[in-house]
Amino acid sequence: MKADHPIRRIVFWLYCVLMLYLLFFQRVPFLSEETYLLTLRRNLNYLPGDTILRFYRLMLYYPGYRRAAIINLFGNIVMFIPLGFGLPWVYARLRRFWKTLLLSAVVIACVELVQLVTLLGHCDVDDLILNLIGVTIGYLLWAITHRHREEPTK
């Protein structure tokens, strides 16, 4: 099957639409009595590892929050595995790992910024880290499954 096969593009773009829905359209903006800037500030985490450590502690010490912590940590990874697999699967120009990772990082950073500005989520560097782990896993799965099937591109 050629890299530019239309079914691949349709499947990939259906995934993208689903991600847009999950990331933006199923959420309600966080509104409070605080000013917009204070709320914006509370929804921002720029300290790597801070949120991951917080959820890890929830899993260990607060069994009632274990499920939510697992969903947050592993959900941020699993949701982006198809992106890492899909980009090189659909676009031959993105078959180099660094190209897939760089484009994914830009897209994820834009998503995080939109979530921050619209208050439709939290802008969290840990989300970026976890999402890129998912992209890397997806790319590795693509590389393993397509190692001998198609000719590599330059």
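Look a little higher up for the structure.
Described below are features of the structure shown in this document. (Residues numbered from 1 in each chain as written. Predicted model: local features only at pLDDT ≥ 70, side-chain atom pairs only at ≥ 80, totals over all residues. Heavy atoms only, no water.)

1. Details of the pattern of salt bridges
Stage number 1. With the rule as written, the count across this model stands at one salt bridge.
Stage number 2. Taking the shortest distance from any N to any O, the salt bridge between Asp-50 and Arg-54 comes out at 2.7 Å. Of this pair, Asp-50 and Arg-54 both sit in helix 3 (residues 50–61), four residues apart, which is roughly one turn of the helix. (Salt bridge = Lys/Arg side-chain N within 4 Å of Asp/Glu carboxyl O. Helix = DSSP H or I, 4+ residues; strand = E, 2+ residues; numbered from the N terminus.)

2. A look at the packing of aromatic side chains
Stage number 1. Applying the stated criterion to the full structure yields six aromatic pairs.
Stage number 2. For the pair Phe-12 and Tyr-91, a centre-to-centre distance of 6.1 Å together with 85° between the ring planes defines the contact as edge-to-face. Taken together, the positions of Phe-12 in helix 1 (residues 6–25) and Tyr-91 in the loop between helix 5 (81–90) and helix 6 (97–118) put the pair 79 residues apart, joining distant regions of the chain.
Stage number 3. With a relative accessible area of 5%, Phe-12 lands in the buried category.
Stage number 4. Overall, the relative accessible area of 21% leaves Tyr-91 in the partly exposed class.
Stage number 5. A network of ring pairs unites the aromatic residues Phe-12, Trp-13, Tyr-15 and Tyr-91 as a single cluster. (Phe/Tyr/Trp six-rings, centres within 6.5 Å; stacked < 30°, edge-to-face > 60°. Buried < 20%, exposed > 50% of the residue type's maximum accessible area, 1.4 Å probe, protein only.)

3. Side note on the packing of helix 4 (residues 66–78) against helix 7 (residues 125–145)
When two helices pack together, their arrangement is given by the angle between the helix axes and by the axis-to-axis distance.
Stage number 1. Running from N to C, helix 4 and helix 7 cross one another at 45°; their axes reach a closest spacing of 6 Å. Taken together, the axes of helix 4 and helix 7 lie oblique to each other. Facing Leu-73, Asn-76 and Ile-77 of helix 4, the residues of helix 7 in contact are Asp-127, Leu-130, Asn-131, Ile-133, Gly-134 and Ile-137.
Stage number 2. In terms of residue class, the contact of helix 4 with helix 7 is made up of five nonpolar, three polar and one charged. (Axes fitted to C-alpha atoms, helices over the stretch in contact; angles between N-to-C directions. Parallel < 35°, antiparallel > 145°, perpendicular 65-115°, else oblique. Contact = heavy atoms within 4.5 Å. Nonpolar A, V, L, I, M, F, W, Y, C, P; charged D, E, K, R; others polar.)

4. What to know about helix 6
Stage number 1. Across its 22 residues, helix 6 extends 31 Å between first and last C-alpha, which sits within 8% of the 32 Å expected from 1.5 Å per residue.
Stage number 2. The set of residues buried in helix 6 consists of Thr-100, Ser-104, Ile-108, Val-111, Glu-112, Gln-115 and Leu-116. Across the axial projection of helix 6, the buried residues extend over an arc of 135°, all falling on one side. Facing away from the buried side of helix 6, by more than 90 degrees, are the exposed residues Trp-98 and Leu-102. (Expected span 1.5 Å × (residues − 1). Arc of directions from axis to C-beta.)

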